[in-house]
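Examination of the molecular architecture
This is what each chain is made of:
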Protein chains: 2
Amino acid sequence: MNTTSIKINLNHKAYMRDPENTELGRRIINESIRLIDDLGFEQFTFRKLANVIGSTEASIYRYFENKHKLLVYLVSWHWAWLDHFVLFHTNNIADPRERLSRAIDVITSSGIDNPATLHINESALHRIVIVEASKVYLTKEVDDDNKDGYFLEYKRLCHHIAEMVLAINPDYPYPHALISTIMEAAHQQVFFAEHLPSLTEIKGTKRSPEETATFLKHLVFAAVDQKR
Amino acid sequence: MNTTSIKINLNHKAYMRDPENTELGRRIINESIRLIDDLGFEQFTFRKLANVIGSTEASIYRYFENKHKLLVYLVSWHWAWLDHFVLFHTNNIADPRERLSRAIDVITSSGIDNPATLHINESALHRIVIVEASKVYLTKEVDDDNKDGYFLEYKRLCHHIAEMVLAINPDYPYPHALISTIMEAAHQQVFFAEHLPSLTEIKGTKRSPEETATFLKHLVFAAVDQKR
DNA sequence: ACTTTTATGATAGCATTACTATTATTAAAG
DNA sequence: CTTTAATAATAGTAATGCTATCATAAAAGT
């Protein structure tokens, strides 16, 4: 298996025209990641994006209906990429505890860039996901967006890791709740460490993802191994 | 102690003029809760609020610099109120496990209305907090807002519950990380149960807060009791 | 080669949002 | 009974979130 041949496929169309297929599309993705990382999603606009890529608002609107759909696309891409990475790193590992441990390492690790998708800066995308990912579903349109399949990549990753939990303890009653909780915590704790340090023991350093992984493994294995 | 004499005091000024002191101020709070619950924070505007309370945008701007600060105010008020409620329900309980268990019940419980603060619809506010609370800190201005004390109520509640964890197990290394994780999960799981049910075993019914409390107690006591 | 389609760019415009400023009116305080 | 303070009424402005039109260039089909 050659990692340079990876193509991330999404299970929905948050876009109107597939941005992976054109030069302009790839520039939209590439530069929007840069700009959202820079300005935050609230301050990010298609007008500003058009300016930095030397194109026009109207052209960007031909790819994405609005900036929310663009965020959905970016976040979904990240989840699909992480799901792939979890699979890759747990492949051929027999011990279910080791598999789960590695999965937690992957979901907390800061972005690992993929040489096959040069137009995606996965490190910057990971920073975006930490701050903005929950905004894709915390809206009034969540049920419509869910019907359109916008959260399938997130759910699939959650389900894959929940299956590892069940492989360790088939009687654990909350595998999905546990994993969705720690998937969210994986971001929150890193954010808290940097910005609201009194909410966590994790230190706001370069190593906060690893420290967060240690905390989450404590938590998950305690829950899964619990005598009832 | 008479519960009808409670006055929630915030440790910061997200407002320009204290809305508790005037009739218009109380109407702003009261109706903004209704309207945000109804429209979601993104669609909520001061213009729409001014229309429903029969006042003007300019008048509302004399109380709150912008809608983000109003949300900060509402969410802080909720945390201060919950902190008070946790104190109330754990007061005079000697057993630290029982104290922690009751604290978890309080943070997951849907809003309990306070007869002393009739202008606050705590049930609607609780629904707002579930969906919108994380948006108060997931911004580029988080560090400035933190300096202004906007998250003190949240941090204090987290710290109070973390102390209960330490009372049970003084060696547990992540009390604040654990509690901030479950405070966030208390909202997420209820939201997932209703809108993204494949992410959790909690069922999207009226009883989802109680079910979430059961899950969180499992998790917290497993972590705290863990043999290391 | 030559039409037809498709993608982008250039330009304009428009309703809504997020404010700020000005002045008038009314009610409370001194 | 007059000064102050709070609200209302009105207007205006820059930015946002779009949509529409038309020209042009490049790619695809015949």
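Just so it is clear, the structure is predicted and the values come from calculations on it, not from any experiment.

**Some words on the overall build of chain A**
Along its length, chain A carries 10 helices and zero strands. Ordered by position from the N terminus, the helices and strands of chain A form the series α-α-α-α-α-α-α-α-α-α. Computed over its C-alpha atoms, the radius of gyration of chain A comes to 18 Å, within 12% of the 17 Å expected for a compact globule of 228 residues. Counting the 228 residues in chain A, one finds 58% classified as buried. For chain A, the share of sequence-separated contacts (at least 6 apart) that also reach a separation of at least 24 residues comes to 68%. For chain A, the accessible area works out to roughly 9,800 Å², and carbon and sulfur atoms hold 49% of it.

**Topic: the side chain of His126 of chain B**
Structurally, His126 of chain B is set in helix 6 (residues 122-132). Excluding anything up to four places from it in sequence, His126 of chain B contacts His78, Ile107, Thr108, Ser109, Ser110 and Gly111 of chain B.

**Quick notes on the protein's contact with DNA strand C**
In the neighbourhood of DNA strand C, 18 residues make up the surrounding shell, with Ser55 and Tyr63 of chain A together with Arg47, Glu57 and Tyr61 of chain B lying closest. At the protein interface, 53% of the atoms of DNA strand C within 4 Å belong to sugar or phosphate. Side-chain polar atom of Ser55 of chain A to a phosphate oxygen of DNA strand C: 2.3 Å apart, as the coordinates give it. Contributing elements (two or more residues each) for the surface near DNA strand C: helix 2 (46-53) and helix 3 (57-61) of chain B. Among the residues forming the surface near DNA strand C, the class breakdown is four nonpolar, six polar and eight charged.

**Focus on the relation of the copies chain B and chain A**
When chain B is fitted onto chain A, the two copies agree to an RMSD of 0.0 Å after a turn of 180° and an axial shift of 0.0 Å. Both copies are brought into coincidence by an operation consistent with a two-fold rotation axis. Considering only C-alpha atoms, the residue of chain B closest to the rotation axis is Ala222 of chain B, which sits at 2.7 Å.

**Concerning the packing of helix 4 (residues 67-90) of chain A against helix 6 (residues 122-132) of chain A**
Residues and elements named next belong to chain A. Contact pair helix 4 / helix 6: the axes reach a minimum separation of 10 Å and the direction vectors enclose 110°. With respect to helix 6, the axis of helix 4 lies roughly perpendicular. Like other packed secondary-structure pairs, helix 4 and helix 6 cross with a definite hand, here left-handed. In this structure, helix 4 contributes Leu71, Leu74, Val75, Trp77, His78, Trp79 and Trp81 to the contact, and helix 6 contributes Glu122, Leu125, His126, Ile128, Val129 and Glu132. Here the contact of helix 4 with helix 6 is built from residues that sort into nine nonpolar, two polar and two charged.

**Quick word on a negative patch on the surface**
Judged by side-chain charge, Glu141, Asp143, Asp144 and Asp148 of chain A together with Glu194 of chain B come together as a negatively charged surface patch. Mapped onto the fold, Asp143 of chain A is located in helix 7 (residues 142-147).

**Description of the protein's contact with DNA strand D**
With respect to spatial proximity, 17 residues lie near DNA strand D, and among them Arg47, Glu57 and Tyr61 of chain A together with Ser55 and Tyr63 of chain B are the closest. Each atom of DNA strand D within 4 Å of the protein was assigned to sugar, phosphate or base; sugar and phosphate come to 53%. Contact between DNA strand D and Arg17 of chain B: a phosphate oxygen at 3.5 Å from a side-chain N or O atom of the residue. Here a phosphate oxygen of DNA strand D and a side-chain polar atom of Ser59 of chain B are 3.3 Å apart. Elements with a minimum of two residues in the surface near DNA strand D: helix 2 (46-53) and helix 3 (57-61) of chain A. Sort the elements by how many residues they give to the surface near DNA strand D and helix 3 of chain A lands first, with three residues. In terms of residue class, the surface near DNA strand D is made up of four nonpolar, six polar and seven charged.

**Things to note about the interface of chain B and chain A**
Across the contact, 49 residues belong to chain B and 49 residues belong to chain A. Here chain B packs against chain A, burying approximately 4,400 Å² in sum over the two surfaces, 62% of which is carbon and sulfur. The largest per-residue losses of area from chain B upon contact with chain A belong to Leu138, Tyr174 and Glu201 of chain B, which jointly make up 15% of the total buried on that side. The interface formed by chain B and chain A contains zero salt bridges.

**A word on empty space enclosed by the protein**
All names here are of chain B. Per the stated rule, a full pass over the model turns up five cavities of 30 Å³ or more. Residue composition of the lining of the largest cavity, by class: 14 nonpolar, six polar and two charged. Roughly 100 Å³ of volume is contained in the second largest cavity. Lining the second largest cavity are 14 residues, and of these Val75, Trp79, Val136, Phe151 and Tyr154 lie nearest its centre. Of all elements in the fold, only helix 4 (67-90), helix 8 (152-168) and helix 9 (175-195) reach the threshold of two or more residues within the lining of the second largest cavity.

**A look at the confidence of the model for chain A**
Of the residues in chain A, 94% have a pLDDT of 70 or more, and the chain-wide mean is 94. With pLDDT under 50 throughout, residues 1-5 of chain A is counted as low confidence; its partners more than four residues away or in other chains account for six contacts.

**Structural notes on the side chain of Gln189 of chain B**
Its location among the elements puts Gln189 of chain B in helix 9. Only 3.0 Å separates the side chain of Gln189 of chain B from the side chain of Ser180 of chain A, close enough to count as a polar contact. Apart from the residues lying within four places of it in its own chain, the contact partners of Gln189 of chain B are Ala177, Ser180 and Thr181 of chain A together with Thr200, Ile202, Thr212 and Phe215 of chain B.

Criteria and thresholds
- Residues numbered from 1 in each chain as written.
- Chains lettered and ligands numbered in written order.
- Predicted model: local features only at pLDDT ≥ 70, side-chain atom pairs only at ≥ 80, totals over all residues.
- Heavy atoms only, no water.
- Helix = DSSP H or I, 4+ residues; strand = E, 2+ residues; numbered from the N terminus.
- Rg over C-alpha atoms; globule rule 2.2 N^0.38 Å.
- Buried < 20%, exposed > 50% of the residue type's maximum accessible area, 1.4 Å probe, protein only.
- Contact = heavy atoms within 4.5 Å.
- Areas by Shrake-Rupley, 256 points an atom, 1.4 Å probe, with all protein chains shown as cover.
- Near = heavy atom within 4 Å.
- Polar contact = N/O pair within 3.5 Å; in protein donor to acceptor, adjacent residues only side chain to side chain.
- Nonpolar A, V, L, I, M, F, W, Y, C, P; charged D, E, K, R; others polar.
- Least-squares fit on C-alpha atoms with pLDDT ≥ 70 in both.
- Axes fitted to C-alpha atoms, helices over the stretch in contact; angles between N-to-C directions.
- Parallel < 35°, antiparallel > 145°, perpendicular 65-115°, else oblique.
- Left-handed = near helix turned anticlockwise from the far one by under 90°.
- Patch = residues over 30% accessible without salt bridge, like charges linked within 9 Å, V, L, I, M, F, W, Y side chains within 5 Å.
- Salt bridge = Lys/Arg side-chain N within 4 Å of Asp/Glu carboxyl O.
- Lys, Arg positive; Asp, Glu negative; His and termini not counted.
- Charge placed at Lys NZ, Arg CZ, Asp CG, Glu CD.
- Buried area = accessible area lost by both parts, 1.4 Å probe.
- 1 Å grid on protein atoms, 1.4 Å probe; cavity = no way out; pocket = protein on both sides within 12 Å on 5 of 7 lines; lining within 4 Å.
- Points joined across faces, edges and corners; volume = space filled by probe spheres on them.
- pLDDT = per-residue confidence, 0-100.

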